[in-house]
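# Structural overview for review
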Amino acid sequence: MATVIAFWVLAILSVVASIAMVVTKNPVRSALALVGTFICVAAFYILLSAQFIAAVQVIVYAGAIMVLFLFVIMLLNLGSPGALRERGSLQPIIATGLGICFLIALLLSGSLLSLPLPAGVRPAEYEPLGTVRAIGINLYDPNQPWLFPFEATSILLLVAVIGAIIMAKRKV
Amino acid sequence: MGMSDKLWAIQFANLIAVLPAIVVMVTGFIVLLGDSCVPTWHKNGKALNPAVTFVGIAVALFFNMTRIGKETATAFSGAVVDDPFSRIAILLLGVAAILAVLLSTTYLENKKLHHGEYYVLILFSLFGAMLMASSNELITLFVSIETLSVSLYVLAGFARTEERSEEAALKYFLLGAFAAGFLLYGIALVYGGSFGLSPTGKATTNLTEIGAGLASAGLGGVTVMFVIGVALMFVGFAFKAALVPFHMWTPDVYQGSPTSVTAYMAALTKIAIFTVILRILSVLTPISSVWLITAQILAVLTMFGGNILAVTQDNVKRMLAYSSVAHAGYIMAAVVAVGVANGKFHDLAINATMFYLFAYTLMTIGAFGVLIWLSRRGRDCQTLGDLKGLVKRDPVGAYTMLVFMLSLGGIPPTMGFMGKLMIFNVLLSAGLMPLALCLGFASIISVYYYLRVVWMMCFMEPDKETITDHAVESSGALFAIGVTVVLSLFFGLAPTIAQNLLAPATNILVR
């Protein structure tokens, strides 16, 4: 019962926050509304027993990426919000139409793509993969295939770091 | 005690299965750390990096060759597989990398780009490519593809002061990131769609489990989601392999990158991505009716698109970029035959593909190698004008270029001709007559622009300003060009030796 109440409260909050993000004229307020949406989504993940993704959502999206957004908005010095308004653009109408199409597609996708969700079983109980403990065990268990790609990712990140230094430094 | 001993034994066996890649990775670390230890003023300090790189790759290839006849083994709970197919692919990748290292040294010194990081990135991209060849699981595959790609994005922009190089890196990076998104989305959908397929009844990203599921369930057990996932994954692969219509980045990136990078990238990416495509299409053979027509259309579009666009190019690097697109089309045609008649022509198709990949590696690296050989301090040899009257100025460069152009055009007695003949043979025996005809017509178009290069070299007078000095000559580049010329001609005359060498590749773990 408590989860149902929590779900509906979060649902209303997240929808309001995302509408506010699209509607507000001030880009900084818009970005802050997006933070609200991200935090609501993180709370949804907790309701689904996916604590790890919830934490990552807050740290990476609501934290790092939004700070980047705000930095860019402030650095660009966009001027008064009124100057940014587009007039006579078809974009909002097309976007609304496509959004509705996407909503219908999402609602129908369960039957169209025969998504394999067994009825009456919540995903978190069905396979408790989302907890931090389960993710840790899966990543490091030699009997699971994830140890190797996890370790290989470190090389990928190292290459990215080397690349960033080469491209950014004036003199290597 | 016994428990931990057993764990050690398992991990040891796991590491042995990916030993060549591990050796390459460790060499990468050695070069990365060693480069900062060697004093920059020391006259041989800079020569140490390519030497260490060369030795590292050679050691990796040695370990790879010692196990060539051994049984197939999977490691890390099925994440990677060590089968004869992957060993042959690793052999080709290593050869491409060694040739590229030989071509690089003097060229980079001339361009003042001789930094240790270049070799580090070469080694890490080779590491990624080797893992691509042995991935048996989609997450591992994605990580290895990205390791290769990110290294190549940086290498493409390695000449940071040149605008074209920067443009190449940015273009490659942005489009590549987009393609990676497609690939990852496809993997997610395949994972979801594999729910009913695997014998354990769980969703899986393991290719052998998906293959077993497809073999038992057949076409009836496949959901729409699975098919969409496969399609999205192939958008990602087609981008990396530069198949039309996902080839737009190729000319700009090949032209803008330093020529030594272009040579390396052209060969390495093609080998790595086509081994992945071969493995996945072998897994998907039970549902070949879903993808067979699409794959054929892709192959035909790629051959004609690449060749027709190459005809008008005056820049040789750009022309070779379009020609590499066309060659991807020929290879794709051979790959398609894997799925015909429920895998009846599987072995023939893999033999032809591996042979052609080998031939393509030698002739592409050779052709770019001649351009590198002709490049002098401060001036890249790029355009057809630069090649005018070459036969008088630099007979070595001219005659080797002639061999590579004949080989790329598929004219006997070169390896390119034998490769095309093998693909032709596969297509005819698999009953893909239209595809074989397209291959023939596309090759005829290609002969025009390859022979145009020969015409420029042999029958045109050199422009006054193209006369270049021979002050800086690279023995490494000359050696690499020599090896590729000799092998292209030798395997063109005695193809059975190469065929026997590559024959184990037909033993591929699918299910």
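A word on the overall build of chain A. For chain A, the helix and strand inventory stands at seven helices and zero strands. Moving toward the C terminus, one meets the helices and strands of chain A in the order α-α-α-α-α-α-α. Within chain A, the proportion of its 172 residues that are buried is 22%. In the form shown here, chain A has an accessible surface area of approximately 12,000 Å², with 75% of it arising from carbon and sulfur atoms.

Helix and strand counts for chain B come out as 20 helices and two strands. Rg of the C-alpha trace for chain B: 22 Å, near the compact-globule value of 24 Å for 511 residues, within the 12% margin. Dimensions along the principal axes, computed over C-alpha positions, put chain B at roughly 70 × 60 × 40 Å. Evaluated residue by residue, chain B yields a buried proportion of 63% over its 511 residues. Long-range contacts, defined here as pairs at least 24 residues apart, represent 80% of the contacts in chain B between residues at least 6 apart. Total accessible area computed for chain B in this model is approximately 18,000 Å², and 71% of it derives from carbon and sulfur atoms. With 28 positive and 25 negative side-chain charges, chain B shows a spacing of 3 Å between the two charge centroids.

What follows concerns the interface of chain B and chain A. Taken together, the contact pairs 38 residues of chain B with 31 residues of chain A. Between chain B and chain A, roughly 2,800 Å² of surface is buried when both sides are summed, and carbon and sulfur atoms account for 80% of that area. For the pair chain B and chain A, the interface holds zero salt bridges. For the pair chain B and chain A, the interface holds two residue pairs in polar contact (both at pLDDT 80 or more).

Glancing now at the side chain of Thr364 of chain B. Along the chain, Thr364 of chain B falls in helix α14 (residues 346-374). Not counting chain neighbours up to four residues away, the residues in contact with Thr364 of chain B comprise Ala266 and Leu408 of chain B.

Here we take up the confidence of the model for chain A. Put simply, chain A has an average pLDDT of 83, and 83% of its residues get 70 or more. When the elements of chain A are averaged for pLDDT, helix α5 (residues 123-126) of chain A gives the smallest value, 50, and helix α7 (residues 147-168) of chain A the largest, 93.

Let us look at the packing of helix α13 (residues 316-336) of chain B against helix α16 (residues 395-409) of chain B. Residues and elements named next belong to chain B. Where α13 meets α16, the axes come as close as 12 Å, and the angle between the chain directions of the two elements is 30°. In this structure, α13 crosses over α16, and the sense of that crossing is left-handed. Counted together, Val316, Met319, Leu320, Ser323 and His327 of α13 and Met401, Met405 and Leu408 of α16 form the full contact between these two elements. Classifying every residue of the contact of α13 with α16 gives six nonpolar, two polar and no charged.

What follows concerns the environment of Leu157 of chain A. Residues and elements named next belong to chain A. Residue placement: Leu157 occurs in helix α7. For Leu157, a relative accessible area of 53% puts it in the exposed group. Residues Leu157 and Ile59, spaced 98 residues apart in sequence, show a C-alpha to C-alpha distance of 19 Å.

As a further point, take the nonpolar core. The biggest cluster of nonpolar side chains holds 196 residues, and the ones touching the most others in it are Phe237 and Phe274 of chain B. A per-element tally of this core places α14 of chain B first, with 20 residues. Beyond its immediate stretch of four places on either side in the chain, Phe237 of chain B contacts Leu141, Ile145, Leu183, Ile273, Val276, Ile277 and Ile280 of chain B. If you look at the next biggest cluster of nonpolar residues, it comprises eight residues, including Ala31, Phe38, Ala62 and Leu70 of chain A.

This next bit is on the packing of aromatic side chains. Under the definition given, this model contains 21 aromatic pairs over all chains. Ring plane angle 80° and centroid distance 5.3 Å describe the contact between Phe7 of chain A and Trp8 of chain A, whose orientation is recorded as edge-to-face. Plain terms: the ring middles of Tyr140 of chain A and Phe150 of chain A are 5.3 Å apart, the flat faces sit at 80° to each other, and that makes the pair edge-to-face. With Tyr140 of chain A in helix α6 (residues 132-140) and Phe150 of chain A in helix α7, this residue pair connects regions lying 10 residues apart in the sequence. Among the aromatic side chains, those forming a connected cluster through ring pairs are Tyr153, Tyr172, Phe173, Phe239, Trp249 and Tyr254 of chain B.

The rules we used
- Residues numbered from 1 in each chain as written.
- Chains lettered and ligands numbered in written order.
- Predicted model: local features only at pLDDT ≥ 70, side-chain atom pairs only at ≥ 80, totals over all residues.
- Heavy atoms only, no water.
- Helix = DSSP H or I, 4+ residues; strand = E, 2+ residues; numbered from the N terminus.
- Buried < 20%, exposed > 50% of the residue type's maximum accessible area, 1.4 Å probe, protein only.
- Areas by Shrake-Rupley, 256 points an atom, 1.4 Å probe, with all protein chains shown as cover.
- Rg over C-alpha atoms; globule rule 2.2 N^0.38 Å.
- Contact = heavy atoms within 4.5 Å.
- Lys, Arg positive; Asp, Glu negative; His and termini not counted.
- Charge placed at Lys NZ, Arg CZ, Asp CG, Glu CD.
- Buried area = accessible area lost by both parts, 1.4 Å probe.
- Salt bridge = Lys/Arg side-chain N within 4 Å of Asp/Glu carboxyl O.
- Polar contact = N/O pair within 3.5 Å; in protein donor to acceptor, adjacent residues only side chain to side chain.
- pLDDT = per-residue confidence, 0-100.
- Axes fitted to C-alpha atoms, helices over the stretch in contact; angles between N-to-C directions.
- Left-handed = near helix turned anticlockwise from the far one by under 90°.
- Nonpolar A, V, L, I, M, F, W, Y, C, P; charged D, E, K, R; others polar.
- Core = buried A, V, L, I, M, F, W, Y, C linked by side-chain atoms within 4.5 Å.
- Phe/Tyr/Trp six-rings, centres within 6.5 Å; stacked < 30°, edge-to-face > 60°.

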